[in-house]
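Here are the chains, one letter per residue:
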Amino acid sequence: MENNSLDLRIVIGLFFIIISILLLIASFVTANGSEINRITGLTFLAFGIIMYALSKIRKMK
Amino acid sequence: MKLELNLVDYLVILTYFIFVIGIGYVLKKKMKTSNDFLMSGRSIPMWVASLAFISANLGAQEVLGMAASGAKYGLYTTHFYWLGAALAMVFLGIFMMPFYYGSKARSVPEYLALRYDEKTRGFNAITFAIMTIFSSGISLYALAILLQAMLGWNFNSSIMVSSVIVLAYTYLGGLTSAVYNEVLQFFLIVLGIAPLVYLGLHHVGGWEGLKANVAPELMHVWKGMGSDKTNPMGTNYGSLIFGLGFVLAFGYWCTDFLVVQRAMVTKHINDAQMTPIYASIPKIFMPIIVILPGIIALALMKTDPSYTIPLAKGGGYDYNMTLPSLLQHFYPNGLLGVGLTALIASFMSGMAGNVTAFNTVFTFDIYQSYIKKDAPDNHYLKVGKVVTVVGIIASIATAYLAKSFDNIMDFLQLVFGFINAPLFATFFLGMFWKKATANGAFYGLISGTAAAAATHGLTIAEGKGGWLAHMLHIDPLFTFSSSMGQNFNIASVAFIVCFLVTWFISLFTKKREESALVGLVYSLTERQKTGHFVWYKNPVIVGSLVVIVTIIFNIIFF
């Protein structure tokens, strides 16, 4: 089912990439706590990309 | 306490809502049969099922409640993970899942019908269906109360918006949608709360700073368990190990369809076995995310004068607000939206899990068994969808009932506890003793439930219980040091009574032919050979490793 209709790794990857972009935006516009928003944003971005990449690697196999 | 959200926070929440409904929408076209809608076509990948298995239990009561218990009982709270979960999950995978999956039962009550008879199934199905609706309603009520307190949102609007979103994705994509969303919710909860643990620990001076600023008796797991007077949980070795570690843990993790269903929808029997075992790996590390914040809050109150756990209206600390207060203290806008979305996700996960378990049990174990037996499959698909809507509406009604009568909800939760406690004895005897009979199981269940109620009515703890003693104009037979200790003992009594009554009646009642029990009872079923599996797919090897690591954790934090 996963391959036919919806690969959850892509969904999770995309979700965390979007949230990371929002956090990185927040790190520029929020006066306090810009550093933790930036660090968390970059962590989420890395996680999102890894999840997305995992789905591609799996498909290539 | 009020949180001030900005546009980025609202965008994070909106993104989450779009994704959860989107998952349901994309999966909609796959829902062609009742099996697709209610059982995910038994095609869920194992890694998804494992994370959904743990996430179905990661509801709001868990996320908020464990942080609250962390602040109240310290590291002792880890017993709910290391003693009260990991071992039972491994047992489910190695010993019980082959029977659930191998019997082709679509639900836990259906297994009872195959092993015993229809009346035992009916009793379990009806009580389970009612319990799931009330649990779902309580999740909804708690979410609305939290949003009202934290954001000033209107109670009615919070109820409606949350319900519509959960309805949308469960109605469109059925169990698959709920399971997929549970995995997203798992990552969101873990990654959304992890920065809080990092910031909190950093703020109090790391692990050493934490230990220096928290009462030493809260930083142990087993110390002082010799007596219920010498530890913060108010319990002792006997009731903790037997009551929590055996009866309650095995009763919940091995027989509650809400979690067992997540393993039953995998592709192969080996996947079904490995699902709870793999789920137990993150489970033993979950205290870092859900319990540690509560302990950090205690240390923070000593090191940072600007922080305190919010006070309750009646005096003392409102421990349930520990986690939200830490979010408010540490998270800037942006991350605040993520933390809040993680909390909302935990409520929705709890609600959707209950609704999808409810629609399966109602459709297969009540409607198909007692109302309309031989209809075309499309009919049951429609019924499943209608029942999903009915489940959500009933949850909303329950949430309003909870708002009006707090005591009624406490009472109902108590009654459900009475029903659940003896259930493991019924399953245990059914799976491992071929002579257990249908009448033995049924009357054992009724007796165990009655024994649980009587124990609660004749004992007292923190002002709770003792209602039967009051009715009979006698003094309570025993006073427990804590409600937790009382609950562990009630569960123990219920299990023992159910076990003995089932055993005794089975000696004198008609047994089923052994040929009818093949695949349902351990001694009559051929063992699955696991020797050819690579080690990480071997339930015994991975399960043993989990148990060893769990024991090491207990020794380290003794």
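Residues numbered from 1 in each chain as written. Chains lettered and ligands numbered in written order. Predicted model: local features only at pLDDT ≥ 70, side-chain atom pairs only at ≥ 80, totals over all residues. Heavy atoms only, no water.

Using the criterion set out here, one finds 51 aromatic pairs over all chains in the structure. On the basis of an interplanar angle of 90° and a centroid distance of 5.1 Å, the ring pair of A:F16 and A:F47 is categorised as edge-to-face. Of the two residues, A:F16 is situated in helix α1 (residues 8-29) and A:F47 in helix α2 (residues 34-60); the sequence distance between them amounts to 31 residues. Summarising the burial analysis for this pair, A:F16 and A:F47 share the class buried. Relative to B:Y380, the ring of B:Y367 has its centre 6.2 Å away and its plane inclined at 80°; by these criteria the two rings are edge-to-face. With B:Y367 in helix α17 (residues 335-371) and B:Y380 in helix α18 (residues 377-404), this residue pair connects regions lying 13 residues apart in the sequence. The class for B:Y367 is buried, based on a relative accessible area of 14%. Since its relative accessible area comes to 3%, B:Y380 is described here as buried. It is B:R42 that lies over the ring of B:Y101; its NZ or CZ is 4.6 Å from the centre. Over the aromatic face of B:Y171 sits the side chain of B:K385, whose NZ or CZ is 5.4 Å from the ring centroid. (Phe/Tyr/Trp six-rings, centres within 6.5 Å; stacked < 30°, edge-to-face > 60°. Helix = DSSP H or I, 4+ residues; strand = E, 2+ residues; numbered from the N terminus. Buried < 20%, exposed > 50% of the residue type's maximum accessible area, 1.4 Å probe, protein only. Lys NZ or Arg CZ within 6 Å of the ring centre and 35° of its normal.)

Now for the interface of chain A and chain B. Accessible area lost upon the coming together of the parts is a frequently used measure of interface size. With 27 residues of chain A at the interface, the matching set in chain B holds 30 residues. For the pair chain A and chain B, the summed buried surface comes to about 2600 Å²; carbon and sulfur atoms form 85% of the total. Linking chain A to chain B there are zero salt bridges. Taken together, the links from chain A to chain B amount to two residue pairs in polar contact (both at pLDDT 80 or more). Where the side of chain A that touches chain B is concerned, the elements lending two or more residues are α1 and α2 of chain A. Among the elements that line the side of chain A that touches chain B, the one with the most residues is α1(A), at 13 residues. (Contact = heavy atoms within 4.5 Å. Buried area = accessible area lost by both parts, 1.4 Å probe. Salt bridge = Lys/Arg side-chain N within 4 Å of Asp/Glu carboxyl O. Polar contact = N/O pair within 3.5 Å; in protein donor to acceptor, adjacent residues only side chain to side chain.)

The next point concerns the packing of helix α12 (residues 257-264) of chain B against α17(B). All names here are of chain B. Two numbers describe how α12 lies on α17: the axes approach to 9 Å, and their chain directions differ by 80°. Regarding the angle of α12 to α17, the classification is roughly perpendicular. Within the contact between the two elements, α12 uses F257, L258, Q261 and R262 and α17 uses G353, N354, T356, A357, T360 and V361. Split into classes, the residues belonging to the contact of α12 with α17 amount to four nonpolar, five polar and one charged. (Axes fitted to C-alpha atoms, helices over the stretch in contact; angles between N-to-C directions. Parallel < 35°, antiparallel > 145°, perpendicular 65-115°, else oblique. Nonpolar A, V, L, I, M, F, W, Y, C, P; charged D, E, K, R; others polar.)

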